[in-house]
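# Tertiary structure, described
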4 protein chains.
Amino acid sequence: MDSFWKTSISRVRPGEILVRGYPIEQLTRNCCFGDICYLLLTGELPRGNEGKLVEAILISCCEHSLASPSVDAVRFVASSGVPLQTAVAAGISAIGDLHGGAIEPCARVLQAAVKEGKDAKTIFEELRRQKKRLPGFGHPVHRDLDPRVKVLLELAAEWSLIGDHTRLAQELEKAAEESLGRPLPMNVDGVIGALMSDMGMDPALGKAFFIVGRSIGYVAHTHEQVTQERSFKAASYQDVEYTGPDRRNIDG
Amino acid sequence: MDSFWKTSISRVRPGEILVRGYPIEQLTRNCCFGDICYLLLTGELPRGNEGKLVEAILISCCEHSLASPSVDAVRFVASSGVPLQTAVAAGISAIGDLHGGAIEPCARVLQAAVKEGKDAKTIFEELRRQKKRLPGFGHPVHRDLDPRVKVLLELAAEWSLIGDHTRLAQELEKAAEESLGRPLPMNVDGVIGALMSDMGMDPALGKAFFIVGRSIGYVAHTHEQVTQERSFKAASYQDVEYTGPDRRNIDG
Amino acid sequence: MDSFWKTSISRVRPGEILVRGYPIEQLTRNCCFGDICYLLLTGELPRGNEGKLVEAILISCCEHSLASPSVDAVRFVASSGVPLQTAVAAGISAIGDLHGGAIEPCARVLQAAVKEGKDAKTIFEELRRQKKRLPGFGHPVHRDLDPRVKVLLELAAEWSLIGDHTRLAQELEKAAEESLGRPLPMNVDGVIGALMSDMGMDPALGKAFFIVGRSIGYVAHTHEQVTQERSFKAASYQDVEYTGPDRRNIDG
Amino acid sequence: MDSFWKTSISRVRPGEILVRGYPIEQLTRNCCFGDICYLLLTGELPRGNEGKLVEAILISCCEHSLASPSVDAVRFVASSGVPLQTAVAAGISAIGDLHGGAIEPCARVLQAAVKEGKDAKTIFEELRRQKKRLPGFGHPVHRDLDPRVKVLLELAAEWSLIGDHTRLAQELEKAAEESLGRPLPMNVDGVIGALMSDMGMDPALGKAFFIVGRSIGYVAHTHEQVTQERSFKAASYQDVEYTGPDRRNIDG
């Protein structure tokens, strides 16, 4: 019969912790945190610069100020008298399909297209016909150049980590602009979806980069909320517009 | 009047993301993720090897197999048909005072003692008189040498990051053994509490290392659960011992 | 410009709380909790016995022992030294598409079919052709009669709250048995999906009954865990089957 | 050896669900939801009107508009593209020590005082000497009469459920006003702490009423957010006051 508790990720015994077979003390001494993320996500240590690229991706995700639903949620939860981990967990729970959620579908589009040998123009026109948006392109604030996209593409090129998926994403940018008559630049979700695909990762892991990278930002916001602001952060009742029924009585 | 939305952590404008004043693209190009954690937690970039030590700490926290309440919680939540971030958030929410929770009180003990100039023997005897445990010492599985403690102390020494707090923690180990007549080794929480204190960090941030470091482990466990196991993981009703009242009828 | 803070649900002023227009003190005095759930979900107080039926549904969802992924998650989280609300929140977060998640798709199937005038046989055959399961039918433990289904149908009949959707669900049970040659009984998700549809509710609210009803069960499990069991509930490392790579060295 | 899975709360077998010994179908038919809450929290069904009082308490907690940290958190999380249960869980996780958190310490104060036979004046003066606030008294919005407090006290009196703890809470109100020279009225947390104490409940369960009662409010806010507002609710970057360091370059 199958064991109820079973895992291939790590083994613990007294005095020993193996992660994917490697002793934790060797990993701690020889690897960067990006290597460990790569190891946990793929099962193997990087052969090239993948660990450094993972770190760069995590850094690019670390903060976006209060202009972010999850960070705003963290501030309210943190103000309520809860432990650090509770506020951070609320932030992570809000990394939904509309907030950091384009990485995964972007990676799916790119991986399917590369597998089937489709070119950028075909993909873009197919999506338009299905009235679907191209996931990972366009940004409500960074309408032109997103500084995170530029630096990640530069580093990936320097580290020889640009492959078919990222090239296709770059062509999609051109195809979109031609078709729409205006730029639709790759956003940070899009570039991560492309780069993780070139690192051979399962699209289902797309949100992992945002989750881990932003978690330290949530910690900072929780600490700032608790140490610098009044507790019980909430909209003032005077600022709430009530659009429901007027005062009414039961049976009235 | 105070702004409702206010932060010193980062600024976002179209085409610009500043973290503690630094442009995100410069941070992405020049820093490791540990530097960014240090920057977000303290407000400044490291002057020495602190970023590397933060990375080593994160790695030491990344995994502890299923012998961990939070990882077990992640597996059950992940089996229920929820998105990745939901399962990871459940794990993070379980980093409670009894699970990764000794870092903070250990740092408090050490920072107070260093400030007041107390030696190890005095601290240990005071805690005993108050019938309090020394937080950050002893481990239910790694009773002798915890491999994570050894490597973190070695790296901190190589990187010149051992200061008064870590030295005091090492003396506490000796004082405890002398007093108890058996070893009470520093555990991974204890060494992190000591090292973060030597890096000048607020004890209230103690759980941050475990939160961020373990988050990637939770991602791996979620992915394994969803791709390798049946859904709806739960105790079988046959395996549950019921200790409540026998079957009874209302009004019976 | 639109207000940032806007709601039709309730209004708060000093000395006044209106819910959907009704003063909270009138609701507290005159209504049962099921009436309030109905009011919050639909905008109006029930005209008949809907509030009583909502209460019956909540009760039917309140507990399923440890044979439930979310309850198991609650027990692990609760053992980690966290506040009550944290453990309950972890349980609620696990009410996923595979755990309490059939109410919503069942209600969608029924509401679409009633709208289009489809009969049970047609629906069932269509789903089979699309190789889709009929949501809300069949149960891994309660293979024959689920006591919750029986009592909810009886009460709804007594309270004149059975309409087209529930009748269709009952016909689907017959159609499924005829087509499969074995019973495929309606489960508790199915009956709730049917009854909420007859009460005119949006299928998107399907999980609400399970969320609210089970929340008190999670409270009880958290309290039992904290007061009756050892802290740090986790699989013992000896009970974990490790299926990953053998011990290996970096560069080895 | 102890079973790993053990509970006195409920038993599940094929075709049978017992809650504290009672068959679920009998509970569903004969009880109100408040009875079930009482049963789960105390182990027994009420002998008097306790179930009705629990319902009244749940109703009094159900909504407080957007003037609430947890509801605001729910709105942001809900806007991010997550399932219903995720947004509700975020709200529940924010029922912290500063938000619904006075029920428990108020019940502790009252239960200790009743046990030790202390009168209101003594308790209040002791707290003042220790520079502690009296938990469960005073409200930032409802400075005078909180309508929830009034109706709960009236109903408890009608249902013969006022005992020593609630009487003491009422005397504390008078003692506080005499001592301070201004009113410090009991708030909704305070009255719940008093009433649950008179129902014989453990103070550790204090937040349960708010958790369960407000959960349906969180459902309504999630549904309103998703169906009535734009997605990705967040502070606009233009509205965020940045108080950190000016733009600076690394090594600059």
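Residues numbered from 1 in each chain as written. Chains lettered and ligands numbered in written order. Predicted model: local features only at pLDDT ≥ 70, side-chain atom pairs only at ≥ 80, totals over all residues. Heavy atoms only, no water.

### Looking at the pairing of strand 2 (residues 10-13) of chain C
Residues and elements named next belong to chain C. To keep it simple, the criterion reads: Strands were regarded as paired on the criterion that DSSP finds at least two bridges between them. Numbering of helices and strands runs from the N terminus; a helix is a DSSP stretch of H or I covering at least four residues, while a strand is a stretch of E covering at least two.
Bridging between strand 2 and strand 3 (residues 16-19) involves four bridges; their strand directions are antiparallel. Bridge pairing in strand 3 places Arg 11 opposite Leu 18. Counted between consecutive antiparallel strands, the loop separating strand 2 from strand 3 contains two residues, among which Gly 15 sits at a positive phi close to 75 degrees.

### Observations regarding the relation of the copies chain C and chain B
Here is the rule: Least squares is used to superpose the copies, and the fit set is the C-alpha atoms of residues whose pLDDT is at least 70 in both copies. Throughout, a residue-residue contact means that at least one pair of heavy atoms, one from each residue, lies within 4.5 Å.
Between the two copies, chain C and chain B, the superposition gives an RMSD of 0.0 Å; the rotation angle is 180 degrees and the shift along the axis is 0.0 Å. Within this description, the copies of the chain are treated as partners about a two-fold rotation axis. Distance from the rotation axis, computed per C-alpha, reaches its smallest value in chain C at Ala 73 of chain C: 2.2 Å. Comparing interface residues between copies, 100% of those in chain C also sit at the interface in chain B, which points to an isologous, same-surface contact.

### Some words on the sheet that holds strand 3 of chain C
Judged by pairing direction, the sheet is antiparallel, and its three strands sit side by side in the order 2-3-4 (chain C) without closing on themselves. On the outer flanks of this sheet lie strand 2 and strand 4 (22-23) of chain C, each paired with one strand and no other.

### With respect to the nonpolar core
We count it as follows: Residue types Ala, Val, Leu, Ile, Met, Phe, Trp, Tyr and Cys, when buried and joined through side-chain atoms within 4.5 Å, form a set referred to as a nonpolar core. Residue burial is assigned from relative accessible area. The probe radius is 1.4 Å, only protein chains are included, and a residue is buried under 20% of its type maximum, exposed over 50%, and partly exposed in between.
Counting 356 residues, the largest nonpolar core has Leu 27 of chain A, Leu 27 of chain B, Leu 27 of chain C together with Leu 27 of chain D as the members making the most contacts within it. With near-sequence residues (within four places) excluded, Leu 27 of chain D lies in contact with Ile 250 of chain B, Ile 59 of chain C together with Val 19, Tyr 22, Ile 36, Leu 39 and Leu 45 of chain D.

### Concerning the interface of chain C and chain B
Counted only if it meets this: For any pair of parts, buried area is found by adding up, for both, the accessible area (1.4 Å probe) each one loses once the two are put together. Salt bridges are defined as contacts in which a side-chain nitrogen from Lys or Arg sits within 4 Å of a carboxyl oxygen from Asp or Glu.
Each side of the interface is counted separately: chain C has 31 residues, and chain B has 31 residues. Between chain C and chain B the total buried area reaches about 2,500 Å² when both faces are included, carbon and sulfur atoms providing 72% of it. Interface area lost by chain C to chain B is led by Pro 69, Leu 98 and Phe 232 of chain C, which between them contribute 21%. Counting every contact that joins chain C to chain B gives zero salt bridges.

### Considerations on the sheet that holds strand 4 (residues 22-23) of chain A
Residue and element names in this part refer to chain A. Taken in spatial order, the three strands make up an open sheet running 2-3-4, and their pairing is antiparallel. A single partner strand is all that each edge strand has here, and the edge strands are strand 2 (10-13) and strand 4. In the sheet, strand 3 (residues 16-19) pairs with strand 4 via two bridges, with the strands oriented antiparallel. The residue of strand 4 that forms the bridge with Val 19 is Tyr 22.

### Description of the environment of Glu 229 of chain D
Note the following rule: As used in this structure description, the phrase polar contact means that two N or O atoms lie within 3.5 Å; if the pair is within protein, one of them must be able to donate a hydrogen and the other to accept it, and residues adjacent in sequence are counted only when both atoms belong to side chains.
Looking at the element boundaries, Glu 229 of chain D is found in the loop between helix 11 (207-228) and strand 5 (241-242). On a C-alpha basis, the gap between Glu 229 of chain D and Arg 75 of chain D in space is 9.7 Å, while along the polypeptide they are 154 residues apart. The contacts of Glu 229 of chain D, once residues within four sequence positions are left out, are Lys 6 of chain C together with Arg 75 and Glu 224 of chain D. For Glu 229 of chain D, the side chain forms a polar contact with the side chain of Arg 75 of chain D, separated by 3.4 Å.

### Digging into the interface of chain A and chain B
Contact residues are listed per partner, giving 79 residues for chain A and 79 residues for chain B. In this assembly, chain A packs against chain B so that about 6,600 Å² is buried in total across both faces, 72% of it on carbon and sulfur atoms. A per-residue breakdown of the area chain A buries against chain B is headed by Phe 33, Ile 59 and Gln 85 of chain A, which together make up 10% of the total. Remark: the boundary between chain A and chain B carries four salt bridges. Arg 29 of chain A serves as the salt-bridge partner of Glu 158 of chain B, at 2.7 Å between the closest nitrogen and oxygen.

### So, the environment of Gly 163 of chain D
Within the secondary structure, Gly 163 of chain D is located in the loop between helix 8 (147-158) and helix 9 (164-180). By relative accessible area, Gly 163 of chain D is classed as buried at 14%.

### Notes on helix 3 (residues 50-60) of chain A
Among the 11 residues of helix 3 of chain A, 10 are classified as buried, and the element is accordingly described as predominantly covered. Where helix 3 of chain A is concerned, the buried positions are Glu 50, Gly 51, Leu 53, Val 54, Glu 55, Ala 56, Ile 57, Leu 58, Ile 59 and Ser 60 of chain A.

### Overview of unusual backbone geometry
All names here are of chain A. Non-glycine residue Arg 20 carries a positive phi angle of around 50 degrees. Mapped onto the elements, Arg 20 comes out in the loop between strand 3 and strand 4. Given the relative accessible area of 12%, Arg 20 is considered buried. If you check the backbone angles, Ser 160 has positive phi at about 55 degrees while not being a glycine. Judged by its relative accessible area of 65%, Ser 160 falls in the exposed class.

### Thoughts on helix 2 (residues 33-42) of chain C
All names here are of chain C. Counting buried positions along helix 2 yields nine of 10 residues, so the element is predominantly enclosed. Among all positions of helix 2, only Phe 33, Gly 34, Asp 35, Ile 36, Cys 37, Tyr 38, Leu 39, Leu 40 and Leu 41 are buried. Phi turns positive, to about 95 degrees, at Gly 43, one or two residues after helix 2.

### Structural notes on the packing of aromatic side chains
Two aromatic rings, taken as a pair, are described by how far apart their centres are and by the angle between their planes. Worth spelling out the cut-off: When the centres of two rings from Phe, Tyr and Trp lie within 6.5 Å, Trp using its six-membered ring, the rings pair. Their planes under 30 degrees apart give stacked, over 60 give edge-to-face, and anything left gives tilted. We call a charge positioned above a ring when the Lys NZ or Arg CZ atom is no farther than 6 Å from the ring centre and deviates by at most 35 degrees from the ring normal.
Enumeration according to the criterion identifies 24 aromatic pairs over all chains in this entry. Pairing Phe 4 of chain C with Phe 76 of chain D gives two aromatic rings, centres 6.2 Å apart and planes at 40 degrees, and the pair type is tilted. Residue Phe 4 of chain C is found in the segment before strand 1 (6-7), and its partner Phe 76 of chain D is found in helix 4 (residues 69-78); the two belong to separate chains. Judged by relative accessible area, which is 29%, Phe 4 of chain C ranks as partly exposed. Just above the ring of Phe 4 of chain B sits the side chain of Lys 233 of chain A; from NZ or CZ to the centre is 4.2 Å.

From the geometry alone we can't say anything about function, so treat these as descriptive.
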